[in-house]
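# Structural overview
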Amino acid sequence: MAVTVRIPTPLRKLTNEQETVEVESVTIGAAIDELEGKFPGIKERLVGEDGEVRRFVNVYVNEEDIRFLENRATPLKDGDDVSIIPAIAGG
Amino acid sequence: MSKSAGFMRALKCRECGREYPLEATHVCEFDFGPLEVAYDYDKIKKSMKKAALARRPQTMWRFRELLPVANEPTVGTRVGYTPLIKADRLAKWLGVREAWVKNDAVNYPTLSFKDRVVSVALSRAKELGFETVACASTGNLANSVAANAAAAGLDSFVFIPADLEEGKILNSLIYGARVVGIRGHYDEVNRLCAEIAGKYGWAFVNVNMRPYYAEGSKSMAYEIAEQLDWKLPQHTVVPMASGSLLTKIHKGYQELIKLGLAKDSKPAVHGAQATGCSPISAAYKQGMDFFKPVKPATIAKSLAIGTPADGFYALKVMKETGGAADDVTDDEIREAMSALAECEGIFTETAGGVTVGTAKKLVASGRIPAEDSVVLCVTGNGLKTLDAVQRHVGKPAEIKPSLREFEQLIEKDSKVKSK
């Protein structure tokens, strides 16, 4: 079981400049905790004091926004791609 | 790099206030909050007096101190200062005492308000040493990046949803831009561009250049105020895609108040969306301070952003200024496009139909009182979205080159006048 997480530029200082990281968790919420174990401080950047993903952070599983799925409970399976992306201005 | 430059002081996180150098970066490393340009307003106040302004050229750059470039602009130096039209016939249609149209459908050079943001972003990109510029776009931004980059001798990449209106695609290709159509909607184009921007060292105008880019929209507010003889409008109706334009028009008005150039007459700013993509309007109606993302389905493709980056701030501005949000269906959009064309001779794209149609709804619901005055921000040109109205405006009558046939034709037309 391996899920690939793409790390956005603003967080790469925490991941020793790694662009992708492999995790083994079965939900998004657990994956964030697993990242925190590997790279202390990263969870605080992604999750606000209310325990929810920060409002300017978008998380995608295989190109789908987790807010269209099950938010932090969104399940992960082997081979999934997770992207963490800051919100972008209009065009 | 020194932190301040020209009239800019630093980049500052809108959420936590942390400051960053004036580089090509858009997100706070701490909380992902958007970075915004902070200015030295004392310095600006000394340089920006009404009398001096009156002598400057009629472009958006007459407000140069409030636009985020370190030196004189080098790209899009002729952009802006579009007409503000007193729209008496449209006011009747809207049911309001007085209406004005800020007509960015004739902005230079690519006929939309995007020339404002792009000239700022590309001028700043050149200052920062970039040679390639790029954007994620619903069309108008792509056109403007392609054209302004060409004129500035910069290479450009534009990323668009593959199903965009043909006019908007051709309007990017003609300038020699590399156009990449993505099989997906704008939010998917955006997500991909965020990843590309992380990998390639280009100036993405609405990604890593966003703090500079977004500030260009303020020029619309400065122009409206000056064109109204430095009185801020009672009501301004603004189309919302990401919500950025609405927040920047508000910021523009507030800056003029801060600098003593306009009196604080409490200008209300209202937001307009298409019902088929109305996350901000829906949140407003439900009294929520945050929106729920949607999958867009509307003819107003230039507004089809289901995950609006500035939605949160747009809701806040409307709440603070006494503004409101509403939305209109595809049929109402087309009806409003026709109304603006028939009343004022202005052919706007679907986004303009959204603004005009929503304004009518806001008047009908009393959100904009009938005895008040309103400015409508028309941001794009109808010639770019012909597909949207093609089967809805009728066809020309066709006759032989014969006077008799012409007479037969107009006999049936009761509207023909004798002089």
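Residues numbered from 1 in each chain as written. Chains lettered and ligands numbered in written order. Predicted model: local features only at pLDDT ≥ 70, side-chain atom pairs only at ≥ 80, totals over all residues.

## Here's the deal with the overall build of chain A
Across its full length, chain A holds two helices and five strands. Listing each helix as α and each strand as β along chain A from the N terminus yields β-β-α-α-β-β-β. Against the globule reference of 12 Å for 91 residues, chain A gives a C-alpha radius of gyration of 12 Å, in line with a compact fold. For chain A, the C-alpha atoms occupy an extent of roughly 35 × 30 × 30 Å along the three principal directions. Per-residue burial for chain A yields a buried fraction of 35% across its 91 residues. Long-range pairs, those at least 24 residues apart, make up 48% of the contacts in chain A with a sequence separation of at least 6. (Helix = DSSP H or I, 4+ residues; strand = E, 2+ residues; numbered from the N terminus. Rg over C-alpha atoms; globule rule 2.2 N^0.38 Å. Buried ≥ 20, exposed ≤ 12 C-beta atoms within 10 Å, placed from the backbone. Contact = placed C-beta atoms within 7 Å.)

## Things to note about the overall build of chain B
Along its length, chain B carries 16 helices and 13 strands. In terms of overall dimensions, chain B is globule-like: its C-alpha atoms have a radius of gyration of 22 Å, near the 22 Å expected for 419 residues. Counting only C-alpha atoms, chain B reaches 75 × 45 × 45 Å along its principal axes. Considering chain B as a whole, with its 419 residues, one finds that 56% of them fall into the buried category.

## Topic: the packing of helix α9 (residues 218–227) of chain B against helix α10 (residues 244–258) of chain B
All names here are of chain B. Relative orientation of the contacting elements α9 and α10 amounts to 50°, with a least axis distance of 7 Å. Accordingly, the angle class assigned to the pair α9 and α10 is oblique. Both α9 and α10 take part in a crossing whose hand is right-handed. Taking contact as the criterion, the partners of K218, M220, A221, Y222 and A225 in α9 are, on α10, K248, I249, K251, G252, Y253 and L256. Partitioned by chemical class, the residues of the contact of α9 with α10 number seven nonpolar, one polar and three charged. (Axes fitted to C-alpha atoms, helices over the stretch in contact; angles between N-to-C directions. Parallel < 35°, antiparallel > 145°, perpendicular 65-115°, else oblique. Left-handed = near helix turned anticlockwise from the far one by under 90°. Nonpolar A, V, L, I, M, F, W, Y, C, P; charged D, E, K, R; others polar.)

## Observations concerning the sheet that holds strand β10 (residues 235–239) of chain B
By way of backbone hydrogen bonds, the strands of a sheet pair with one another, either parallel or antiparallel. Residues and elements named next belong to chain B. Taken together, six strands build an open sheet; the order of strands is β4-β5-β13-β10-β11-β12 and the sheet is mixed. For this open sheet the edge positions go to β4 (84–86) and β12 (325–328), each flanked by a neighbour on one side alone. Geometrically, the sheet is characterised by an average inter-axis angle of 25° between neighbouring strands, direction not taken into account. When β10 meets strand β13 (residues 373–378), the two strands line up parallel, connected through three bridges. Looking across to β13, one finds that T236 is bridged to V375. Where helix α13 (residues 330–344) meets the sheet, it contacts β4, β5 (98–103), β11 (268–274) and β12, and its direction lies at approximately 95° from that of β12. Against the sheet, helix α14 (residues 350–364) touches β10, β11, β12 and β13, its axis set at about 120° to β12. (Pairing = 2+ DSSP bridges.)

## Focus on the interface of chain B and chain A
Contacts between the two partners involve 34 residues from chain B, matched on the other side by 23 residues from chain A. Listed by contribution, the elements that provide at least two residues to the side of chain B that touches chain A are β6 (132–136), α7 (186–199) and α8 (210–215) of chain B. For the side of chain B that touches chain A, the class distribution of residues is 18 nonpolar, nine polar and seven charged.

## Concerning the environment of L386 of chain B
All names here are of chain B. Position of L386 relative to the elements: it lies in helix α15 (residues 386–389). For L386, a count of 14 C-beta atoms within 10 Å gives the class partly exposed. Separated by 352 residues in sequence, L386 and P34 place their C-alpha atoms 35 Å apart.

## Points about the domain arrangement of chain B
Residue and element names in this part refer to chain B. Parsing chain B into structural domains produces domain 1 (84–110 + 217–389) and domain 2 (114–214). Computed from C-alpha atoms alone, the centre-to-centre distance between domain 1 and domain 2 is 24 Å. At the interface, 24 residues of domain 1 touch 20 residues of domain 2. Looking at the side of domain 1 that touches domain 2 residue by residue, the classes come out as nine nonpolar, 10 polar and five charged. (Domains from an automatic or database assignment.)

## Topic: the nonpolar core
Residue and element names in this part refer to chain B. Counting residues in each nonpolar core, the largest one holds 147 residues, and the members touching the most others are V133 and L376. Of the residues that make up this core, three or more belong to each of domain 1 (84–110 + 217–389) and domain 2 (114–214). Excluding residues that lie within four positions of it along the chain, V133 makes contacts with L122, A125, V145, A149, L154, S156, W202, A203 and V205. (Core = buried A, V, L, I, M, F, W, Y, C linked by C-beta atoms within 7 Å.)

## Here's the deal with the pairing of β12 of chain B
Residues and elements named next belong to chain B. Side-chain alternation along β12 places A325 and D327 on one buried face and D326 and V328 on a second face that is also buried. Bridging between β11 and β12 involves four bridges; their strand directions are parallel. Residue A274 lies in a different strand from β12, and its bridge partner there is V328.

## Regarding the confidence of the model for chain B
Counting all residues, the mean pLDDT for chain B is 95, and 99% of those residues have values of 70 or more. Across the predicted assembly, pTM comes out at 0.93 and ipTM at 0.80. (pLDDT = per-residue confidence, 0-100.)

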